[in-house]
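Spelled out from the first residue to the last, the chains are:
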Protein chains: 2
Amino acid sequence: MISPELLRRYPYFAGISNQSLKEIAMIAEEKHVPAGTRMFGEGDPANHFFIISKGEVNIDYLLGSGEIRTVDTLVDGDLLVWSALIEPYKTTAIGTATKACELYSINGPRLRELCEKDPLLGYRLTSQVAKMLAHRLEGARVQLAAVD
Amino acid sequence: MISPELLRRYPYFAGISNQSLKEIAMIAEEKHVPAGTRMFGEGDPANHFFIISKGEVNIDYLLGSGEIRTVDTLVDGDLLVWSALIEPYKTTAIGTATKACELYSINGPRLRELCEKDPLLGYRLTSQVAKMLAHRLEGARVQLAAVD
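Reference entry: report on the structure contained in this document. Note that the structure is predicted; figures quoted are calculated from it, not measured. (Residues numbered from 1 in each chain as written. Chains lettered and ligands numbered in written order. Predicted model: local features only at pLDDT ≥ 70, side-chain atom pairs only at ≥ 80, totals over all residues. Heavy atoms only, no water.)

1. Considering helix 3 (residues 108–117) of chain B
All names here are of chain B.
Then, in step 1: Of the positions making up helix 3, those classed as buried are Gly108, Leu111, Arg112, Leu114 and Cys115. Along the long axis of helix 3, the arc covered by the buried residues comes to 160°, so they all point the same way. Along helix 3, exposed side chains directed more than 90 degrees from the buried face belong to Glu113 and Lys117.
Then, in step 2: Between the side-chain oxygen of the N-cap and the backbone nitrogen of Arg110 there are 3.0 Å, and the N-cap of helix 3 in question is Asn107. (Buried < 20%, exposed > 50% of the residue type's maximum accessible area, 1.4 Å probe, protein only. Helix = DSSP H or I, 4+ residues; strand = E, 2+ residues; numbered from the N terminus. Arc of directions from axis to C-beta. Polar contact = N/O pair within 3.5 Å; in protein donor to acceptor, adjacent residues only side chain to side chain.)

Dropping the structure here:
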(Lines give C-alpha, C1' and ligand atoms only; values in the text may rest on other atoms or scores of the structure.)
Protein backbone atom coordinates (compact mmCIF):
# COMPACT_ATOMS: atom_id res chain seq x y z
CA MET A 1 0.00 0.00 0.00
CA ILE A 2 0.96 3.66 -0.27
CA SER A 3 0.29 6.64 2.00
CA PRO A 4 -3.15 8.22 1.40
CA GLU A 5 -1.43 11.60 1.74
CA LEU A 6 0.32 10.99 -1.58
CA LEU A 7 -3.06 10.93 -3.32
CA ARG A 8 -4.47 14.07 -1.82
CA ARG A 9 -2.33 16.41 -3.92
CA TYR A 10 -4.01 15.42 -7.20
CA PRO A 11 -6.86 17.68 -8.29
CA TYR A 12 -9.10 14.79 -9.38
CA PHE A 13 -9.26 13.63 -5.77
CA ALA A 14 -10.57 17.01 -4.58
CA GLY A 15 -13.48 16.48 -2.22
CA ILE A 16 -12.94 12.72 -1.97
CA SER A 17 -13.37 11.47 1.61
CA ASN A 18 -10.44 10.38 3.75
CA GLN A 19 -12.03 6.97 3.95
CA SER A 20 -12.06 6.50 0.16
CA LEU A 21 -8.51 7.80 -0.23
CA LYS A 22 -7.42 5.33 2.43
CA GLU A 23 -9.14 2.50 0.56
CA ILE A 24 -7.46 3.49 -2.71
CA ALA A 25 -4.10 3.69 -0.93
CA MET A 26 -4.64 0.14 0.33
CA ILE A 27 -4.97 -1.28 -3.18
CA ALA A 28 -2.10 0.80 -4.59
CA GLU A 29 1.63 0.29 -4.70
CA GLU A 30 4.61 2.30 -5.84
CA LYS A 31 6.23 1.08 -9.00
CA HIS A 32 9.43 2.11 -10.69
CA VAL A 33 9.67 1.72 -14.46
CA PRO A 34 12.98 2.30 -16.25
CA ALA A 35 13.08 4.58 -19.32
CA GLY A 36 12.42 2.65 -22.52
CA THR A 37 10.07 0.08 -20.95
CA ARG A 38 7.07 -0.89 -23.05
CA MET A 39 4.41 -0.99 -20.33
CA PHE A 40 1.49 -2.29 -22.35
CA GLY A 41 0.38 -3.03 -25.89
CA GLU A 42 -2.97 -2.84 -27.67
CA GLY A 43 -5.73 -5.12 -26.42
CA ASP A 44 -4.08 -6.09 -23.14
CA PRO A 45 -6.35 -6.62 -20.12
CA ALA A 46 -6.43 -3.25 -18.32
CA ASN A 47 -5.90 -4.65 -14.83
CA HIS A 48 -4.11 -1.66 -13.37
CA PHE A 49 -4.81 2.02 -13.33
CA PHE A 50 -1.78 4.27 -12.84
CA ILE A 51 -1.03 7.73 -11.59
CA ILE A 52 2.25 9.08 -12.91
CA SER A 53 3.97 10.51 -9.85
CA LYS A 54 7.04 11.44 -11.88
CA GLY A 55 8.15 10.57 -15.40
CA GLU A 56 6.90 10.50 -18.96
CA VAL A 57 4.91 7.94 -20.94
CA ASN A 58 4.20 8.04 -24.65
CA ILE A 59 0.89 6.73 -25.95
CA ASP A 60 1.39 5.32 -29.44
CA TYR A 61 -0.75 3.83 -32.15
CA LEU A 62 0.53 1.19 -34.50
CA LEU A 63 -0.77 2.22 -37.92
CA GLY A 64 -1.61 -0.19 -40.72
CA SER A 65 1.58 0.80 -42.51
CA GLY A 66 3.62 -0.41 -39.52
CA GLU A 67 4.43 3.16 -38.53
CA ILE A 68 4.25 4.05 -34.83
CA ARG A 69 2.38 7.31 -34.27
CA THR A 70 2.55 9.10 -30.91
CA VAL A 71 -0.89 10.44 -29.97
CA ASP A 72 -0.23 11.66 -26.45
CA THR A 73 2.58 12.22 -23.96
CA LEU A 74 1.67 11.82 -20.30
CA VAL A 75 3.62 13.47 -17.51
CA ASP A 76 3.64 14.02 -13.74
CA GLY A 77 0.14 13.86 -12.28
CA ASP A 78 -1.47 12.33 -15.38
CA LEU A 79 -3.61 9.21 -15.26
CA LEU A 80 -2.48 6.20 -17.26
CA VAL A 81 -4.54 3.25 -18.58
CA TRP A 82 -7.95 4.93 -18.54
CA SER A 83 -9.31 1.68 -19.97
CA ALA A 84 -9.04 0.13 -16.49
CA LEU A 85 -12.12 2.21 -15.63
CA ILE A 86 -14.10 1.96 -18.86
CA GLU A 87 -15.65 -1.17 -20.38
CA PRO A 88 -14.45 -3.46 -21.92
CA TYR A 89 -11.35 -2.85 -19.74
CA LYS A 90 -8.79 -3.45 -22.48
CA THR A 91 -5.93 -1.18 -23.49
CA THR A 92 -6.30 0.47 -26.89
CA ALA A 93 -2.79 1.79 -27.51
CA ILE A 94 0.87 1.15 -26.74
CA GLY A 95 2.32 2.74 -23.61
CA THR A 96 6.08 3.26 -23.37
CA ALA A 97 8.00 4.99 -20.58
CA THR A 98 10.12 7.59 -22.36
CA LYS A 99 11.73 8.66 -19.08
CA ALA A 100 12.20 6.71 -15.85
CA CYS A 101 8.81 6.69 -14.11
CA GLU A 102 7.60 6.58 -10.53
CA LEU A 103 4.02 5.36 -10.63
CA TYR A 104 1.21 4.52 -8.27
CA SER A 105 -0.23 1.29 -9.57
CA ILE A 106 -3.83 0.74 -8.47
CA ASN A 107 -5.69 -2.56 -8.75
CA GLY A 108 -8.24 -1.93 -11.55
CA PRO A 109 -11.12 -4.28 -10.60
CA ARG A 110 -10.94 -3.16 -6.97
CA LEU A 111 -10.82 0.50 -7.95
CA ARG A 112 -13.99 -0.03 -9.99
CA GLU A 113 -15.63 -1.50 -6.89
CA LEU A 114 -14.60 1.58 -4.91
CA CYS A 115 -16.09 3.82 -7.62
CA GLU A 116 -19.42 2.00 -7.30
CA LYS A 117 -19.29 2.33 -3.52
CA ASP A 118 -18.30 6.01 -3.64
CA PRO A 119 -19.78 7.42 -6.87
CA LEU A 120 -18.14 10.81 -6.26
CA LEU A 121 -14.80 9.05 -6.74
CA GLY A 122 -16.15 7.43 -9.92
CA TYR A 123 -17.46 10.76 -11.16
CA ARG A 124 -14.15 12.58 -10.55
CA LEU A 125 -12.04 9.87 -12.16
CA THR A 126 -14.26 9.32 -15.20
CA SER A 127 -14.52 13.10 -15.74
CA GLN A 128 -10.73 13.26 -15.78
CA VAL A 129 -10.61 10.28 -18.14
CA ALA A 130 -13.16 11.92 -20.47
CA LYS A 131 -11.08 15.12 -20.50
CA MET A 132 -8.01 13.12 -21.42
CA LEU A 133 -9.84 11.27 -24.19
CA ALA A 134 -11.19 14.55 -25.54
CA HIS A 135 -7.65 15.91 -25.62
CA ARG A 136 -6.41 12.81 -27.42
CA LEU A 137 -9.26 13.01 -29.91
CA GLU A 138 -8.35 16.62 -30.61
CA GLY A 139 -4.78 15.48 -31.26
CA ALA A 140 -6.00 12.77 -33.62
CA ARG A 141 -8.03 15.35 -35.48
CA VAL A 142 -5.02 17.62 -35.89
CA GLN A 143 -3.09 14.67 -37.30
CA LEU A 144 -5.95 13.80 -39.65
CA ALA A 145 -6.10 17.40 -40.83
CA ALA A 146 -2.34 17.40 -41.44
CA VAL A 147 -2.38 14.39 -43.72
CA ASP A 148 -5.20 15.66 -45.93
CA MET B 1 -40.44 19.37 -18.81
CA ILE B 2 -40.72 15.75 -19.92
CA SER B 3 -41.99 12.64 -18.14
CA PRO B 4 -39.33 11.01 -15.91
CA GLU B 5 -40.57 7.66 -17.22
CA LEU B 6 -39.09 8.50 -20.63
CA LEU B 7 -35.63 8.55 -19.07
CA ARG B 8 -35.83 5.31 -17.20
CA ARG B 9 -35.45 3.15 -20.31
CA TYR B 10 -31.87 4.28 -20.98
CA PRO B 11 -29.17 2.01 -19.55
CA TYR B 12 -27.01 4.90 -18.33
CA PHE B 13 -29.77 5.86 -15.89
CA ALA B 14 -29.77 2.38 -14.32
CA GLY B 15 -29.84 2.71 -10.54
CA ILE B 16 -30.46 6.46 -10.60
CA SER B 17 -33.01 7.50 -7.99
CA ASN B 18 -36.55 8.55 -8.87
CA GLN B 19 -35.80 11.91 -7.33
CA SER B 20 -32.84 12.58 -9.63
CA LEU B 21 -34.72 11.38 -12.71
CA LYS B 22 -37.54 13.74 -11.78
CA GLU B 23 -35.09 16.61 -11.45
CA ILE B 24 -33.56 15.85 -14.85
CA ALA B 25 -37.04 15.66 -16.38
CA MET B 26 -37.79 19.10 -14.98
CA ILE B 27 -34.86 20.71 -16.84
CA ALA B 28 -35.51 18.78 -20.07
CA GLU B 29 -37.77 19.38 -23.02
CA GLU B 30 -38.68 17.52 -26.16
CA LYS B 31 -37.24 18.96 -29.32
CA HIS B 32 -37.90 18.11 -32.95
CA VAL B 33 -35.12 18.71 -35.46
CA PRO B 34 -35.77 18.31 -39.20
CA ALA B 35 -33.39 16.22 -41.28
CA GLY B 36 -30.52 18.29 -42.64
CA THR B 37 -30.35 20.71 -39.72
CA ARG B 38 -26.88 21.72 -38.63
CA MET B 39 -27.34 21.61 -34.87
CA PHE B 40 -23.98 22.95 -33.75
CA GLY B 41 -20.54 23.85 -35.07
CA GLU B 42 -17.06 23.67 -33.57
CA GLY B 43 -16.37 25.81 -30.51
CA ASP B 44 -19.98 26.64 -29.70
CA PRO B 45 -20.93 26.95 -26.02
CA ALA B 46 -22.20 23.49 -25.02
CA ASN B 47 -25.28 24.71 -23.18
CA HIS B 48 -27.46 21.68 -23.84
CA PHE B 49 -26.95 17.99 -23.45
CA PHE B 50 -29.16 15.78 -25.63
CA ILE B 51 -30.51 12.28 -25.62
CA ILE B 52 -31.49 11.10 -29.09
CA SER B 53 -34.91 9.53 -28.60
CA LYS B 54 -35.21 8.81 -32.31
CA GLY B 55 -33.19 9.88 -35.32
CA GLU B 56 -29.64 10.13 -36.56
CA VAL B 57 -26.92 12.75 -36.10
CA ASN B 58 -23.57 12.83 -37.86
CA ILE B 59 -20.52 14.14 -36.02
CA ASP B 60 -18.17 15.74 -38.51
CA TYR B 61 -14.75 17.34 -38.45
CA LEU B 62 -13.80 20.13 -40.77
CA LEU B 63 -10.28 19.28 -41.93
CA GLY B 64 -7.65 21.83 -42.87
CA SER B 65 -8.21 21.05 -46.55
CA GLY B 66 -11.85 22.12 -46.22
CA GLU B 67 -13.02 18.51 -46.42
CA ILE B 68 -15.76 17.40 -44.03
CA ARG B 69 -14.95 14.07 -42.39
CA THR B 70 -17.63 12.10 -40.53
CA VAL B 71 -16.18 10.62 -37.34
CA ASP B 72 -19.29 9.21 -35.72
CA THR B 73 -22.97 8.58 -36.40
CA LEU B 74 -25.29 8.75 -33.39
CA VAL B 75 -28.63 6.99 -33.25
CA ASP B 76 -31.57 6.23 -30.95
CA GLY B 77 -30.51 6.23 -27.30
CA ASP B 78 -27.15 7.89 -27.88
CA LEU B 79 -25.98 10.94 -25.98
CA LEU B 80 -25.22 14.09 -27.95
CA VAL B 81 -22.99 17.06 -26.99
CA TRP B 82 -20.85 15.28 -24.39
CA SER B 83 -18.97 18.57 -24.06
CA ALA B 84 -21.90 19.94 -22.02
CA LEU B 85 -20.59 17.73 -19.18
CA ILE B 86 -16.84 18.11 -19.62
CA GLU B 87 -14.79 21.30 -19.19
CA PRO B 88 -14.38 23.69 -20.98
CA TYR B 89 -18.00 23.05 -22.09
CA LYS B 90 -17.47 23.85 -25.75
CA THR B 91 -18.41 21.72 -28.74
CA THR B 92 -15.49 20.24 -30.65
CA ALA B 93 -17.16 19.05 -33.85
CA ILE B 94 -20.04 19.75 -36.20
CA GLY B 95 -23.38 18.02 -35.47
CA THR B 96 -25.88 17.58 -38.28
CA ALA B 97 -29.21 15.75 -38.14
CA THR B 98 -29.08 13.31 -41.04
CA LYS B 99 -32.61 12.09 -40.30
CA ALA B 100 -35.48 13.88 -38.56
CA CYS B 101 -34.72 13.71 -34.83
CA GLU B 102 -36.76 13.59 -31.64
CA LEU B 103 -34.47 14.71 -28.85
CA TYR B 104 -34.60 15.35 -25.14
CA SER B 105 -32.77 18.61 -24.66
CA ILE B 106 -31.40 19.01 -21.12
CA ASN B 107 -30.11 22.28 -19.66
CA GLY B 108 -26.32 21.76 -19.45
CA PRO B 109 -25.32 23.94 -16.49
CA ARG B 110 -28.24 22.65 -14.42
CA LEU B 111 -27.45 19.04 -15.34
CA ARG B 112 -23.90 19.60 -14.10
CA GLU B 113 -25.33 20.87 -10.81
CA LEU B 114 -27.43 17.71 -10.55
CA CYS B 115 -24.33 15.57 -11.19
CA GLU B 116 -22.55 17.29 -8.29
CA LYS B 117 -25.57 16.77 -6.07
CA ASP B 118 -25.99 13.12 -7.09
CA PRO B 119 -22.50 11.85 -8.02
CA LEU B 120 -23.91 8.47 -9.12
CA LEU B 121 -25.67 10.35 -11.94
CA GLY B 122 -22.40 12.11 -12.76
CA TYR B 123 -20.52 8.82 -12.69
CA ARG B 124 -23.00 7.05 -14.99
CA LEU B 125 -23.14 9.90 -17.50
CA THR B 126 -19.39 10.56 -17.63
CA SER B 127 -18.71 6.81 -17.96
CA GLN B 128 -21.04 6.76 -20.95
CA VAL B 129 -19.34 9.87 -22.37
CA ALA B 130 -15.90 8.28 -21.91
CA LYS B 131 -17.09 5.15 -23.72
CA MET B 132 -18.34 7.29 -26.60
CA LEU B 133 -15.08 9.23 -26.78
CA ALA B 134 -13.09 6.00 -26.75
CA HIS B 135 -15.21 4.74 -29.64
CA ARG B 136 -14.65 7.97 -31.55
CA LEU B 137 -10.93 7.82 -30.88
CA GLU B 138 -10.85 4.29 -32.23
CA GLY B 139 -12.60 5.58 -35.37
CA ALA B 140 -10.06 8.37 -35.72
CA ARG B 141 -7.28 5.85 -35.43
CA VAL B 142 -8.77 3.69 -38.16
CA GLN B 143 -8.96 6.76 -40.38
CA LEU B 144 -5.37 7.69 -39.57
CA ALA B 145 -4.25 4.17 -40.40
CA ALA B 146 -6.12 4.31 -43.71
CA VAL B 147 -4.42 7.45 -44.93
CA ASP B 148 -0.91 6.31 -44.11
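2. Concerning the nonpolar core
Then, in step 1: Residues Phe13(A), Leu80(A), Leu125(A), Phe13(B) and Leu125(B) are the most contacted members of the largest nonpolar core, which totals 104 residues.
Then, in step 2: If near-sequence neighbours (up to four positions away) are discounted, Leu80(A) is found in contact with Met39(A), Phe40(A), Phe49(A), Phe50(A), Ile52(A), Val57(A), Ile59(A), Leu74(A) and Leu103(A). (Core = buried A, V, L, I, M, F, W, Y, C linked by side-chain atoms within 4.5 Å. Contact = heavy atoms within 4.5 Å.)

3. Looking at the side chain of Ser20(B)
All names here are of chain B.
Then, in step 1: Within the secondary structure, Ser20 sits in helix 2 (residues 18–26).
Then, in step 2: Relative accessible area serves as the criterion here: at 10%, Ser20 is assigned to the buried category.
Then, in step 3: At a separation of 2.6 Å, a polar atom in the side chain of Ser20 contacts the side chain of Asp118.

4. With respect to the relation of the copies chain A and chain B
Then, in step 1: Structural alignment of chain A on chain B gives an RMSD of 0.0 Å, achieved by rotating through 180° and translating 0.0 Å along the axis. Here the copies are linked by what is in effect a two-fold axis. Rotation axis and chain A: the residue whose C-alpha lies nearest the axis is Tyr123(A), separated from it by 2.0 Å.
Then, in step 2: A share of 100% of interface residues in chain A that are also interface residues in chain B marks the association as one of identical surfaces. (Least-squares fit on C-alpha atoms with pLDDT ≥ 70 in both.)

5. Re the interface of chain A and chain B
Then, in step 1: Opposite the 35 residues of chain A that make contact, chain B presents 35 residues.
Then, in step 2: Across the interface of chain A and chain B, roughly 3200 Å² is buried in total on both sides, 67% from carbon and sulfur atoms.
Then, in step 3: Seen at the junction of chain A and chain B, the total is six salt bridges.
Then, in step 4: The tally of links between chain A and chain B comes to nine residue pairs in polar contact (both at pLDDT 80 or more).
Then, in step 5: Those elements that provide at least two residues to the side of chain A that touches chain B are helix 3 (108–117) and helix 4 (119–147) of chain A.
Then, in step 6: Tallying contributions element by element places helix 4 of chain A first for the side of chain A that touches chain B, with 20 residues.
Then, in step 7: Grouping the amino acids of the side of chain A that touches chain B by side-chain chemistry returns 17 nonpolar, seven polar and 11 charged. (Buried area = accessible area lost by both parts, 1.4 Å probe. Salt bridge = Lys/Arg side-chain N within 4 Å of Asp/Glu carboxyl O. Nonpolar A, V, L, I, M, F, W, Y, C, P; charged D, E, K, R; others polar.)

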